[in-house]
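Read off the chains here:
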Amino acid sequence: GAGVSQSPSNKVTEKGKDVELRCDPISGHTALYWYRQSLGQGLEFLIYFQGNSAPDKSGLPSDRFSAERTGGSVSTLTIQRTQQEDSAVYLCASSLSGSSNQPQHFGDGTRLSIL
Amino acid sequence: SQQGEEDPQALSIQEGENATMNCSYKTSINNLQWYRQNSGRGLVHLILIRSNEREKHSGRLRVTLDTSKKSSSLLITASRAADTASYFCATDEGSNYKLTFGKGTLLTVNP
């Protein structure tokens, strides 16, 4: 069955470059979340989408980070002018309607390394 | 600090033994969820317990919730090497849509 798919699985780039991370949620899931996980740490919330709207962007660390979602489906997280502290695993999750009493379904993440 | 804090940070046991992990939180919740993460993979939902529930079972998993102590425990019985993973609790802090994850317990089950 189709789960949450993220691409690329790994990305190595030089400091100062822009990167785009992609998330394909489970079909029919209206809620989509982006998280960041640093080595050995828990998940840091970045942004929540309901449909194509982002009612909660409170976790985005700086204005270098942005995200969009189109067609109520695919989402891209863009990091401009990357810094070394942006190195982490970026995880995407989707849930049926976004209620906190529903499970979130995660992709395997994009491991981002900034040289 | 994180809403959900797991304890211990790491746990190493032998196959067949039981593993108990604890989670404490600070504010009132509607739900608490437990997730597992294998190395290099995403999180997988294990079980959800509502604030009006005290105990829930799923296969070899048993979760308890004590809202008066703001704590939850996850018990894995008769552990297997395949249970080796990090385990996270996640709370909603009363939010309708958002989960806050702890830093996790790394469980190692030795064959």
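This is a predicted model, so every value here is computed, not measured.

A separate point is the sheet that holds strand β8 (residues 75-79) of chain A. Hydrogen bonds between backbone groups are what pair the strands of a sheet, and the pairing can be parallel or antiparallel. All names here are of chain A. With respect to topology, 4 strands assemble into an open sheet ordered β1-β3-β8-β7, the strand pairing being antiparallel. Among the strands making up the open sheet, the edge pair consists of β1 (5-7) and β7 (65-69). Averaged over all neighbouring strand pairs, the angle between strand axes comes to 15°, with direction disregarded.

Bringing the interface of chain B and chain A into the picture now. Between chain B and chain A, the residue contacts involve 21 residues of the former and 23 residues of the latter. At the boundary of chain B with chain A, total buried surface from both sides reaches about 1,700 Å², with 49% on carbon and sulfur atoms. On the chain B side of the contact with chain A, Leu43, Tyr97 and Phe101 of chain B bury the most area, a combined 31% of that side's loss. The shortest N-O distance in the salt bridge between Asp56 of chain A and Lys98 of chain B comes to 3.5 Å. There are 11 residue pairs in polar contact (both at pLDDT 80 or more) connecting chain B and chain A. Put simply, the parts of the chain that give the side of chain B that touches chain A at least two residues each are β4 (31-37) and β5 (43-50) of chain B. Taken together, the residues of the side of chain B that touches chain A sort by class into 7 nonpolar, 9 polar and 5 charged.

Parameters at a glance
Residues numbered from 1 in each chain as written. Chains lettered and ligands numbered in written order. Predicted model: local features only at pLDDT ≥ 70, side-chain atom pairs only at ≥ 80, totals over all residues. Heavy atoms only, no water. Pairing = 2+ DSSP bridges. Helix = DSSP H or I, 4+ residues; strand = E, 2+ residues; numbered from the N terminus. Axes fitted to C-alpha atoms, helices over the stretch in contact; angles between N-to-C directions. Contact = heavy atoms within 4.5 Å. Buried area = accessible area lost by both parts, 1.4 Å probe. Salt bridge = Lys/Arg side-chain N within 4 Å of Asp/Glu carboxyl O. Polar contact = N/O pair within 3.5 Å; in protein donor to acceptor, adjacent residues only side chain to side chain. Nonpolar A, V, L, I, M, F, W, Y, C, P; charged D, E, K, R; others polar.

By themselves, these observations are geometric and do not establish any function.
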